[in-house]
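# Tertiary structure, described
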Amino acid sequence: MTDVKTPVPEATDAPPAKPGNPIAWPLGVAGAVLLIVGSFLSWSYDKTILNDLSINFYPGGLQILTIIGAVLSLVLLLAEKGPLTRLGAWLDVTLGLRTLGAGLTLYMVLILVAIGTESDGLINVNPGAYISLVGALLIAVSGWMLPLRQLRDMSEARLPGWFEILSIAILMAAVLFAAAYALGLQDAWSFILCLVFIAVVATALFRTGTMSFVGHVGQRHRKVLTLSAFVVAFLFPFTQNGSDANMSIANQVLIFGATAMGLNIVVGLAGLLDLGYIAFLGAGAYTAAVLSNSAFATVGWKPPFLVVMLVGACVSAVLGLIIGTPTLRVSGDYLAIVTLGFGEIFRFSMGNLDGNNGPNLTNGPNGVPGIPDLEIGGFNFGDEHAIAGIELGRFSNYYFLLLILIGFVILVFARLNNSRIGRGWVAIREDEKAAEAMGVNVFGLKLLAFAVGAFLAGLAGTIKAHQDAAVSPDQYQFIESAFLLAAIVLGGMGTIAGVLLGATILKLLPEKLRFFSEYRLLMFGLLLVLMMRFRPEGLVASRRRQLEFHEEDEELAVEVEEERLAVGEAK
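Residue positions within a chain follow its written sequence, with the count starting from 1. Only residues with pLDDT of 70 or above have their local features reported here, since the model is predicted, and side-chain atom pairs are shown and tallied only from 80 upward, although totals for entire chains, interfaces and linings are computed over all residues. With hydrogens and water set aside, each side-chain value is computed from the structure's full complement of heavy atoms.

### Considering the packing of aromatic side chains
Under the convention used in this document: Pairing of aromatic side chains here covers Phe, Tyr and the six-membered ring of Trp, requires ring centres within 6.5 Å, and sorts the geometry by plane angle: under 30 degrees stacked, over 60 edge-to-face, intermediate tilted. Helix and strand labels come from DSSP, where a helix needs a run of H or I of at least four residues and a strand needs a run of E of at least two; each type is numbered from the N terminus. Three labels apply to residues, based on accessible area from a 1.4 Å probe with only protein chains included: buried if under 20% of the type maximum, exposed if over 50%, partly exposed otherwise in between.
Scanning the entire structure with this criterion turns up 14 aromatic pairs. Relative to Tyr-399, the ring of Phe-236 has its centre 6.1 Å away and its plane inclined at 40°; by these criteria the two rings are tilted. With Phe-236 in the loop between helix 9 (222-235) and helix 10 (244-269) and Tyr-399 in helix 14 (residues 394-417), this pair connects stretches of sequence that are 163 residues apart. We classify Phe-236 as buried; its relative accessible area is 9%.

So this is what it looks like as structure tokens:
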């Protein structure tokens, strides 16, 4: 970061930094070296656990992750004292080392626990694991001995344009590699340990300020960042060797994420608590099912799928208007109860439209099975297709279609969020009476939020019906609506990246950790309680939303105001 265009004011008023302990730096270097040396040695006698960590000088996957953590620690130490000291003026080395040291120590302790529980106790742990544990502890101790310093503002850092774009490409490639590696892990302990390592590295990058720099670069090259994200997403199936199991999980995540984005309009922007949102996804799925070529479909009309998508989305939107019109005069808990009732009414209605209690439209509790794969323009989504020598199965085909859908959903959300309509929704969310007094059409905008959110969910439902090959009432229970709402709360209301992250966490973990399914609700409840306590704005919160929960943070308030003025000047 040598090309700094904005002069940096001298921090004459800043208190002088406390001198660090002289042994802190060599202690940290010794810890990183021990971590690397230990990772090249055997960690376990039993080669059947954790994908075989029993071979000397041939590190396994988890050992390679540890080496990556050690290298990151070395980079930070060299930024503190060494050839990278110019980086030290920008990066918060001390906080980064503390996070990496503590996180890697936790990671190594979990590895010992995994070896002990998967085999016959700690007797099966080889010295290499203990050497790496000592190395991680030394890095943590070194971080706590180093002093905190006054750093330069990361927003003033500038690099050549080509280098910033290259940084985005490298970051996206790292995301692709991490996602492919994590999803490819079949062993539960390996998957958990990989997630722990990714969380440790991500937290360390945030603490050093690196992600703040990435955020500024992303703002300067927003189109490149968006394009890179979609390129990485399109390349993802090619990293899975045609694995239908992994791509099925990826498809479930995309459907869940697209539906959560629709709910994000209702809850995140307009502030309307909806506990029956899964019904809109179900309406789209049932519409696609009864209009399909399934032998159990009850409607004789078989239009092209693009027409089916439009019809399914419109049916969901109409249901949104039907539930919204009489109920939007209530709010808060009362609205939540009404929407909860709507979701249950939808599910019971689908179970009763079997010809006995009403017209035979949905085959009742049996649902509509045998829905054929989509075929658009001669492209059958159920067939395998070879691209660049890689066989892509039916779930990969649906993955590409869902990727286009979620791109459309994100585009709609972003456009609405930045429009006058979006501002009106946010005004209603903040203070409905004040918004009405300022001339905002409260009732109309609330209704529009319900209709647009339901429309997007209906689109996702039409694809879900063909991907699952069946629809039934038990797929659309209240718990699914609760998970959608939890994804928004966990990720960050009103944001795109946050909701997609929350949806990925809540959908991916139960699919990969089957043994944990009995405790799923307990763990997710505990996770939400912790989020409400320590980070109520969500994992990826918008600045304005973050300020609502941290009103005493004057520095954050200044940053939010500067961003608002910058956006105003840009317009």
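### Topic: a negative patch on the surface
The test is simple: Within the patch definition used here, like charges are joined within 9 Å and nonpolar side chains (Val, Leu, Ile, Met, Phe, Trp, Tyr) within 5 Å, considering only residues with over 30% relative accessible area and no salt bridge. We get accessible surface area from the Shrake-Rupley algorithm with a probe of 1.4 Å; when it comes to residues, only the shown protein chains can shield them. Put simply, a salt bridge is a Lys or Arg side-chain nitrogen that is within 4 Å of an Asp or Glu carboxyl oxygen. Neither His nor the chain ends is counted toward charge; the positive residues are Lys and Arg and the negative residues Asp and Glu. Where a charge lies is defined by one atom per residue type, namely NZ (Lys), CZ (Arg), CG (Asp) and CD (Glu).
On the surface, Glu-375, Asp-383, Glu-384 and Glu-391 cluster together to form a negatively charged patch. With respect to the helices, strands and loops of the structure, Glu-391 is situated in strand 4 (residues 390-392).

### Considerations on helix 18 (residues 478-491)
Because the α-helix completes a turn every 3.6 residues, residues three or four places apart line up on one side. Note the threshold: Here, expected helix span is obtained from the residue count minus one, scaled by 1.5 Å. Contacts between residues were defined by any pair of non-hydrogen atoms, one from each residue, lying within 4.5 Å.
With 14 residues, helix 18 should reach 20 Å at 1.5 Å per residue; the first-to-last C-alpha distance of 20 Å fits that figure. Across the 14 residues that make up helix 18, a large majority, 10, are buried. Here helix 18 has its buried residues at Ser-481, Phe-483, Leu-484, Leu-485, Ala-486, Ala-487, Ile-488, Val-489, Leu-490 and Gly-491. For helix 18, the elements touching its buried residues are helix 10, helix 11 (278-290), helix 19 (496-512) and helix 20 (520-534).

### A look at the nonpolar core
Let me state the cut-off plainly: Residues belong to a common nonpolar core when they are buried Ala, Val, Leu, Ile, Met, Phe, Trp, Tyr or Cys residues joined through side-chain atoms within 4.5 Å.
By size, the foremost hydrophobic cluster in this structure holds 148 residues, and its most contacted members are Tyr-107, Tyr-399 and Val-471. Looking at this core element by element, the count peaks at 14 residues for helix 10. When residues no more than four places from it in sequence are discounted, the contact partners of Tyr-399 are Ala-233, Phe-236, Pro-237, Met-247, Ala-250, Asn-251 and Leu-254.

### Remarks on the pattern of salt bridges
Inspection of every chain in the model, using the stated rule, returns 6 salt bridges. One salt bridge connects Asp-373 with Arg-394, and the closest N-O pair in it is separated by 2.5 Å. Remark: Arg-394 occurs in helix 14 and Asp-373 occurs in the loop between helix 13 (333-352) and strand 1 (375-376); sequence separation between them is 21 residues. Owing to a relative accessible area of 28%, Asp-373 belongs among the partly exposed residues under this scheme. With its nearest N and O atoms 3.1 Å apart, the salt bridge here joins Glu-432 to Lys-446.

### Remarks on the side chain of Ser-142
Mapping Ser-142 onto the fold places it in helix 5 (residues 127-145). Not counting chain neighbours up to four residues away, the residues in contact with Ser-142 comprise Ala-24, Trp-25, Leu-27, Gly-28 and Leu-77.

### Regarding the environment of Gly-218
Turning to its location among the elements, Gly-218 is positioned in helix 8 (residues 210-220). C-alpha separation for the pair Gly-218 and Val-368, spaced 150 residues apart in sequence, amounts to 45 Å.

### Describing the side chain of Asn-380
In plain terms, the rule: Counted as a polar contact is a pair of N or O atoms within 3.5 Å, where, for protein atoms, one must be capable of donating a hydrogen and the other of accepting one, and residues adjacent in sequence contribute only when both atoms are in side chains.
As for its placement among the helices and strands, Asn-380 is situated in strand 2 (residues 379-380). Among the polar contacts listed, one links the side chain of Asn-380 to the backbone nitrogen of Gly-382, at a separation of 2.7 Å. Ignoring anything within four residues of it in the chain, the contact list for Asn-380 reads Asp-373, Leu-374, Glu-375, His-385 and Asn-397.

Scope: geometric values only; no functional claims are made or implied.
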